[in-house]
Amino acid sequence: QESIELLSAFADACASHLELPGTSQEVELRAIARVLVHATAVHDLHGLAELAARTLGRLFHASAVQVNAGADHELVGNWSPGRTLDPIPDWLVGALANGPGAKGLFTVVDPEEAAATGAPTDRQILIVRLRAGGLDVGVAVVRCATFEFEFERIEMALLIAAHTAASIESAQALQRERRAA
């Protein structure tokens with residue numbers, strides 16, 4: 001819990017650096033890279049997931065972002081401005097992430113497919129795979145009223161996802177080593 005509080009304070013302090021001068025809530029790649037470099041010092045799975053959720057949330061002007069890890073898609077971090085949206089249940093994230101339309105690293109869930117699984121359909125759903133070393137370690141689920149699909153925004157999302165995946169894999173390995181010791 002202390003790590004999450006410290007990480008929240010860190011994320012809030014970094015927020016002003018994630019805006020470009022003269023624009024509203026636009027994210028600059030160099031600023032994201034600096035945040036991710038600082039995040040390498042975080043070895044708490046939940047703290048890493050929350051940092052990724054907050055960063056992706058700002059990137060896509062999202063209503064909610066959650067990060068689910070592992071084969072069972074366990075919720076490890078989420079963010080919603082004002083805590084207005086509850087996370088999508090783990091089993092449903094698994095259904096969306098492994099559904100017929102889920103291909104590649106970046107998938108916009110078809111609204112009809114979302115409705116068929118029982119997912120909320122009041123917002124668009126984007127699945128971003130967290131892949132490290134060719135293996136999926138989790139997914140980020142981004143919910144927005146509408147998505148802005150500029151190349152730079154997608155590129156940044158994939159950079160955040162790759163870094164988060166590597167950091168989660170490292171944090172999980174550290175946890176296993178500590179338990180074994």
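The structure under discussion appears in the preceding block.
Residues numbered from 1 in each chain as written. Predicted model: local features only at pLDDT ≥ 70, side-chain atom pairs only at ≥ 80, totals over all residues. Heavy atoms only, no water.

Undergrad: What am I meant to see in the overall build of the protein chain here?
TA: The helix and strand tally for the protein chain stands at six helices and five strands. By the burial criterion, 44% of the 181 residues in the protein chain qualify as buried. Taking contacts inside the protein chain between residues at least 6 apart in sequence as the whole, the part at least 24 apart equals 57%. Only carbon and sulfur atoms are counted for the fraction: they give 55% of the accessible area of the protein chain, which is about 9100 Å². (Helix = DSSP H or I, 4+ residues; strand = E, 2+ residues; numbered from the N terminus. Buried < 20%, exposed > 50% of the residue type's maximum accessible area, 1.4 Å probe, protein only. Contact = heavy atoms within 4.5 Å. Areas by Shrake-Rupley, 256 points an atom, 1.4 Å probe, with all protein chains shown as cover.)

Undergrad: Could you clarify how one ought to interpret the packing of aromatic side chains in this entry?
TA: If you walk through the whole model with that rule in mind, you get one aromatic pair. Pairing Phe60 with Phe106 gives two aromatic rings, centres 6.5 Å apart and planes at 40 degrees, and the pair type is tilted. Here Phe106 lies in strand E3 (residues 106-108) and Phe60 lies in helix H3 (residues 45-60), a separation of 46 residues in the sequence. (Phe/Tyr/Trp six-rings, centres within 6.5 Å; stacked < 30°, edge-to-face > 60°.)

Undergrad: Can you walk me through H3 in this structure?
TA: Working note: α-helix, 3.6 residues per turn, so residues spaced by three or four point in the same direction. For H3, built from 16 residues, the straight-helix expectation of 22 Å at 1.5 Å per residue is met to within 8% by its first-to-last C-alpha distance of 22 Å. With 14 of its 16 residues buried, H3 lies for the most part within the structure. Downstream of H3 by one or two residues, His61 has phi in the positive range, about 50 degrees. (Expected span 1.5 Å × (residues − 1).)

Undergrad: Can you walk me through the environment of Gly47 in this structure?
TA: Checked against the element boundaries, Gly47 lands in helix H3. When the C-alpha atoms of Gly47 and Ile168 are compared, they prove to be 9.8 Å apart, with 121 residues separating the residues in sequence.

Undergrad: Would you take a moment to explain the pairing of strand E4 (residues 124-132) for this structure?
TA: Regular strands place side chains that alternate from one sheet face to the opposite one. Within E4, seven of the nine residues are buried, which leaves it mostly tucked inside the rest of the structure. Two elements, E3 and E4, share three bridges in a ladder whose sense is antiparallel. When the bridges of E4 are listed, Val108 appears paired with Leu126. Hairpin geometry of E4 and strand E5 (residues 135-144) is characterised by an intervening segment of two residues between the two adjacent antiparallel strands and by a positive phi of about 60 degrees at Gly133. (Pairing = 2+ DSSP bridges.)

Undergrad: Whenever I open this one, the sheet that holds strand E2 (residues 74-79) confuses me. Can you help?
TA: Whether parallel or antiparallel, the strands of a sheet pair through hydrogen bonds between backbone atoms. Read from one edge to the other, the open sheet built from five strands follows the order E2-E1-E5-E4-E3, with strand pairing classed as antiparallel. Where the open sheet ends on each side, the last strands, each with one partner, are E2 and E3. The average angle at which neighbouring strand axes cross in this sheet is 20 degrees, direction not considered. Pairing between E4 and E5: nine bridges, direction antiparallel. When the bridges of E5 are listed, Arg131 appears paired with Asp136. Seen against the sheet, helix H4 (residues 90-97) touches strand E1 (64-69), E2, E4 and E5 and runs at an angle of roughly 85 degrees to E4. (Axes fitted to C-alpha atoms, helices over the stretch in contact; angles between N-to-C directions.)

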